[in-house]
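Report on the structure
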Amino acid sequence: MLAECPQENCTVGTTGQCLLNHEPAATCPHYTALSEALETRGEEELLPEPEQNPSFSSSNTLTEDRLSYLMGGRYCTMVGIVGPPDSGKTAALVSLYLLLSHGRLQGFEYADSRSLMAFDEISRGARRWTGGMPQQMTPHTELSDDRAAGFLHLRIRAAQDNVPVDFLLPDLPGEWSTAMVEESRHDRLAFLERADVIWLMVDGARLASPTQRQGAIHRTKLYLQRLKEFFPDLPRVILVVTRADLGTASEKTLQTILTEGVALGIEITVQAISSFSANAEVPAGTGIAELIEASMGKQANAAVFWPSSSDNIGRAIENVGRGGVEI
Ligand SMILES: Nc1nc2c(ncn2[C@@H]2O[C@H](COP(=O)(O)OP(=O)(O)OP(=O)(O)O)[C@@H](O)[C@H]2O)c(=O)[nH]1
Ligand SMILES: [Mg+2]
């Protein structure tokens, strides 16, 4: 069973060994079982509405200046996650965490995390629900420090080669992205220059809707233009098309966006995901494993699976419905 311990240097989560030598480890007063609550899904009532949105404190996420110290010099794959409010940024992180903690991220397994408490915090509302999916699985993201990004850490091991990859994933309020596009405020997103890959999150339900599609395409193109303008050395971009359970964006729609990316000199690919699901035919978690695979920096593989050609769009969309796991 996965566990977490707030004691510095305690590795009970990965080794089962309690830092304070409690035997069994579960008798330690600092020990918190991670999956206990997950196992009771369906048996308990929906959590009451929080009185206020949880906001990250610096102790929950890893601040940029502490990253290298905390990671002990390990190379980390930094993902830049951008997208407007409600585009599904937090939901993707929650889905990834829940899949990993259930051992259900196909082809990958959990190896470690230095920010379990932060993951725990953002996943709280999504863990249990009864009688259908609530409207709001994750609260709007607010940060206690409105100036500097905080990162979540996950070490993920690919079953194929057993090599662990350390991911650093920021969960930022959508307003930070909107401020970049609309007010040219990009100072808080400076870390994007150093990112290995960018996930540009776009609401797939809007891209699929006849009335909202044009606006969503226009806005996504604007994001690509601004990203390239403010961060000329932009790393490769994965266009993450969210809410695949609620609609499928057409190839033509996606091609319009990809064409803009290519014209701007951006290396861009597409991945559709369904972090949660209100549709029995599209399991929650669909596309998340493929997103991790494409983000792992395995450029050769990524190129095979997701070349930025029109042929590829069908592949990305086709992937919806395959490999998904119910959370
Ligand atoms: N049906 C469905 N709903 C989703 C999915 N992803 C997100 N949602 C819903 O959309 C809501 C908002 O998603 P978030 O991930 O919190 O949005 P965000 O981009 O983090 O928004 P901000 O924090 O405001 O920037 C969630 O609470 C879910 O209820 C999905 O794949 N399927
Ligand atoms: Mg959010």
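Residues numbered from 1 in each chain as written. Chains lettered and ligands numbered in written order. Predicted model: local features only at pLDDT ≥ 70, side-chain atom pairs only at ≥ 80, totals over all residues. Heavy atoms only, no water.

Things to note about the overall build of the chain
- Of the regular secondary structure elements, the chain holds 12 helices and 12 strands.
- Expressed as a percentage of the 327 residues in the chain, the buried residues total 51%.
- A separation threshold of at least 6 residues defines the contact pool for the chain, and within that pool the share at least 24 residues apart is 77%.
- Total accessible area computed for the chain in this model is approximately 15,100 Å², and 47% of it derives from carbon and sulfur atoms. (Helix = DSSP H or I, 4+ residues; strand = E, 2+ residues; numbered from the N terminus. Buried < 20%, exposed > 50% of the residue type's maximum accessible area, 1.4 Å probe, protein only. Contact = heavy atoms within 4.5 Å. Areas by Shrake-Rupley, 256 points an atom, 1.4 Å probe, with all protein chains shown as cover.)

As for helix α4 (residues 89-101)
- If you check α4, its first and last C-alpha atoms are 19 Å apart, about what 13 residues at 1.5 Å a residue would give, namely 18 Å.
- Burial of α4 is extensive: 13 of the 13 residues sit out of reach of the surface.
- Just past α4, the residue Gly 103 takes up positive phi, approximately 65°. (Expected span 1.5 Å × (residues − 1).)

Side note on the coordination of the magnesium ion (ligand 2)
- Surrounding the magnesium ion (ligand 2) are the protein donor atoms Thr 90 (OG1) and Thr 141 (OG1), at 1.9 to 2.0 Å. In this pair, Thr 90 sits in helix α4 while Thr 141 sits in the loop between α5 (116-123) and β7 (142-143), placing the two residues 51 residues apart along the sequence.
- Classification of Thr 90 by relative accessible area gives buried; the value is 8%.
- Residue class for Thr 141 comes out buried when judged on its relative accessible area of 10%. (Donors = N, O, S within 2.8 Å, 3.2 Å for Na, K, Ca; no water.)

Describing the nonpolar core
- Counting residues in each nonpolar core, the largest one holds 40 residues, and the members touching the most others are Leu 189, Leu 207 and Leu 239.
- Taken together, the elements giving at least two residues each to this core come down to β5 (76-82), α6 (174-183), β10 (197-203), α8 (213-230), β11 (236-242), α9 (251-263) and β12 (268-272).
- Broken down by element, this core gets its largest block of residues, 6 residues, from α8.
- Once residues within four sequence positions are removed from consideration, Leu 239 is found in contact with Leu 200, Val 202, Thr 220, Leu 254, Ile 257, Ile 268, Thr 269, Val 270 and Gln 271.
- If you look at the next biggest cluster of nonpolar residues, it comprises 39 residues, including Ala 91, Val 94, Phe 108 and Val 165. (Core = buried A, V, L, I, M, F, W, Y, C linked by side-chain atoms within 4.5 Å.)

Digging into the site of ligand 1
- Neighbouring ligand 1 are 23 residues; Ala 91, Thr 138, His 140, Gly 174 and Arg 243 lie closest to it.
- A distance of 2.9 Å separates an oxygen atom of ligand 1 from a polar backbone atom of Asp 86.
- Burial of ligand 1 by the protein amounts to 96% of the accessible area it has alone, namely 650 Å².
- Residue contributions to the shell around ligand 1 peak at 3 residues, all from α4.
- Here the shell around ligand 1 is composed, by residue class, of 8 nonpolar, 11 polar and 4 charged. (Near = heavy atom within 4 Å. Polar contact = N/O pair within 3.5 Å; in protein donor to acceptor, adjacent residues only side chain to side chain. Nonpolar A, V, L, I, M, F, W, Y, C, P; charged D, E, K, R; others polar.)

Examining α9
- Taking 1.5 Å per residue as the helical rise, α9 with its 13 residues ought to reach 18 Å, and the 18 Å between its terminal C-alpha atoms agrees with that figure.
- Among the residues making up α9, those that are buried are Thr 253, Leu 254, Ile 257, Leu 258, Glu 260 and Gly 261. The buried side chains of α9 occupy one side of the element, clustering within an arc of 155° when seen end-on. Across from the buried face of α9, at angles greater than 90 degrees, the exposed residues are Lys 252 and Ala 263.
- Positive backbone phi, approximately 80°, marks Gly 265, located one or two places after α9. (Arc of directions from axis to C-beta.)

Notes on unusual backbone geometry
- Backbone geometry places Asn 162, a non-glycine residue, at a positive phi of 65°.
- Mapped onto the elements, Asn 162 comes out in the loop between β8 (150-158) and β9 (164-170).
- Non-glycine residue Ser 184 carries a positive phi angle of around 60°.
- Mapping Ser 184 onto the fold places it in the loop between α6 and β10.

As for the side chain of Ser 87
- When you line up the elements, Ser 87 lands in the loop between β5 and α4.
- Under the relative-accessibility criterion, Ser 87 is labelled buried at 2%.
- The residues contacting Ser 87, other than those within four sequence positions of it, are Met 201, Val 202, Asp 203, Thr 242 and Arg 243.

Focus on the pattern of salt bridges
- Within the structure shown, the criterion is met by 12 salt bridges.
- Its salt-bridge partner being Glu 121, residue Arg 124 comes within 3.9 Å of it at the nearest N-O pair.
- Judged by relative accessible area, which is 23%, Glu 121 ranks as partly exposed.
- Linking Asp 203 and Arg 243 is a salt bridge whose minimum nitrogen-to-oxygen distance equals 3.1 Å. Residue Asp 203 is located in strand β10, and its partner Arg 243 is located in the loop between β11 and α9; the two are separated by 40 residues in the primary sequence.
- For Arg 243, a relative accessible area of 24% puts it in the partly exposed group.
- Look at the salt bridges and you will find they share partners, linking Arg 74, Asp 112, Arg 114, Arg 155 and Asp 166 into a network. (Salt bridge = Lys/Arg side-chain N within 4 Å of Asp/Glu carboxyl O.)

Focus on the packing of aromatic side chains
- Per the stated rule, a full pass over the model turns up 2 aromatic pairs.
- Centre to centre, the rings of Tyr 97 and Phe 119 are 4.9 Å apart; their planes meet at 10°, and the pair counts as stacked. Here Tyr 97 is found in helix α4, whereas its partner Phe 119 is found in helix α5, with 22 residues between them in sequence.
- Residue classification places Tyr 97 among the buried residues on the basis of a relative accessible area of 2%.
- Assessed through its relative accessible area of 0%, Phe 119 is described here as buried.
- A ring pair is formed by Phe 151 and Phe 191, whose centres lie 5.2 Å apart and whose planes are at 85°; its orientation type is edge-to-face. (Phe/Tyr/Trp six-rings, centres within 6.5 Å; stacked < 30°, edge-to-face > 60°.)

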